[in-house]
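Structural features, examined
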Amino acid sequence: MRQGAAEHLQDEFDGGGGLPRVLAATPMPGSVVLVVWLRRGLSPELVADYLPEIATACFARRAVLGPHRFGSPVVTLEVKRG
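This section reports on the structure supplied with the text. Everything numeric in this text was worked out from a predicted model, so none of it was measured.

What follows concerns the overall build of the protein. Of regular secondary structure, the protein possesses three helices and four strands. Its helices and strands in sequence order give the protein the pattern α-β-β-α-α-β-β, from N to C terminus. Sequence separation of 24 or more characterises 37% of the internal contacts of the protein that already satisfy a separation of 6 or more. Working note: accessible area of the protein is about 5800 Å², and carbon and sulfur atoms make up 60% of it.

Structure, rendered in structure tokens:
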């Protein structure tokens, strides 16, 4: 079965597990805190490498990655606008 170009590129990026899933988003003054589930092939270290790009895509000053109480596949991402 042939794979489409989009599916192929997605598999190259994240090991075939799909894009990260946002489980919750909580607005705070000047920022938004996201709880993100990292699918197979993504690690917190890999996401940390892309924090400047994430901040730019969100029109934010910076993005901060942190641990979540559920463990490694779930992380918090705070997108700070001010």
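The subject of this paragraph is the nonpolar core. When a protein is soluble and globular, its nonpolar side chains tend to lie buried together. Counting 12 residues, the largest nonpolar core consists of L34, V36, L38, L42, V47, L51, A55, A60, A63, V75, L77 and V79. Contributions of two or more residues to this core are made by β2 (31-37), α3 (51-57) and β4 (74-80). The biggest single contributor to this core is β4, with three residues. Setting aside residues no more than four positions away along its own chain, L34 makes contact with V22, A24, A25, V75, T76, L77 and V79.

Time to look at the layout of surface pockets. Size it by volume and the largest pocket reaches roughly 230 Å³. Surrounding the largest pocket, 14 residues form its lining, P20, V36, V47, I54 and L77 being those nearest its centre. If you list the elements that add at least two residues to the lining of the largest pocket, you get β2, α2 (44-49) and β4. A breakdown of the residues in the lining of the largest pocket according to their chemical character gives 14 nonpolar, no polar and no charged.

A word on the pairing of strand β3 (residues 62-67). Where β3 and β4 come together, six bridges link them in antiparallel fashion. Its bridge partner being in β4, G66 is matched across the sheet by T76. Between β3 and β4, which pair antiparallel and follow one another directly, the connecting turn spans six residues, one of which, G71, has a positive phi of 110°.

The rules behind these values
Residues numbered from 1 in each chain as written. Predicted model: local features only at pLDDT ≥ 70, side-chain atom pairs only at ≥ 80, totals over all residues. Heavy atoms only, no water. Helix = DSSP H or I, 4+ residues; strand = E, 2+ residues; numbered from the N terminus. Contact = heavy atoms within 4.5 Å. Areas by Shrake-Rupley, 256 points an atom, 1.4 Å probe, with all protein chains shown as cover. Core = buried A, V, L, I, M, F, W, Y, C linked by side-chain atoms within 4.5 Å. Buried < 20%, exposed > 50% of the residue type's maximum accessible area, 1.4 Å probe, protein only. 1 Å grid on protein atoms, 1.4 Å probe; cavity = no way out; pocket = protein on both sides within 12 Å on 5 of 7 lines; lining within 4 Å. Points joined across faces, edges and corners; volume = space filled by probe spheres on them. Nonpolar A, V, L, I, M, F, W, Y, C, P; charged D, E, K, R; others polar. Pairing = 2+ DSSP bridges.

By themselves these figures say nothing about function.
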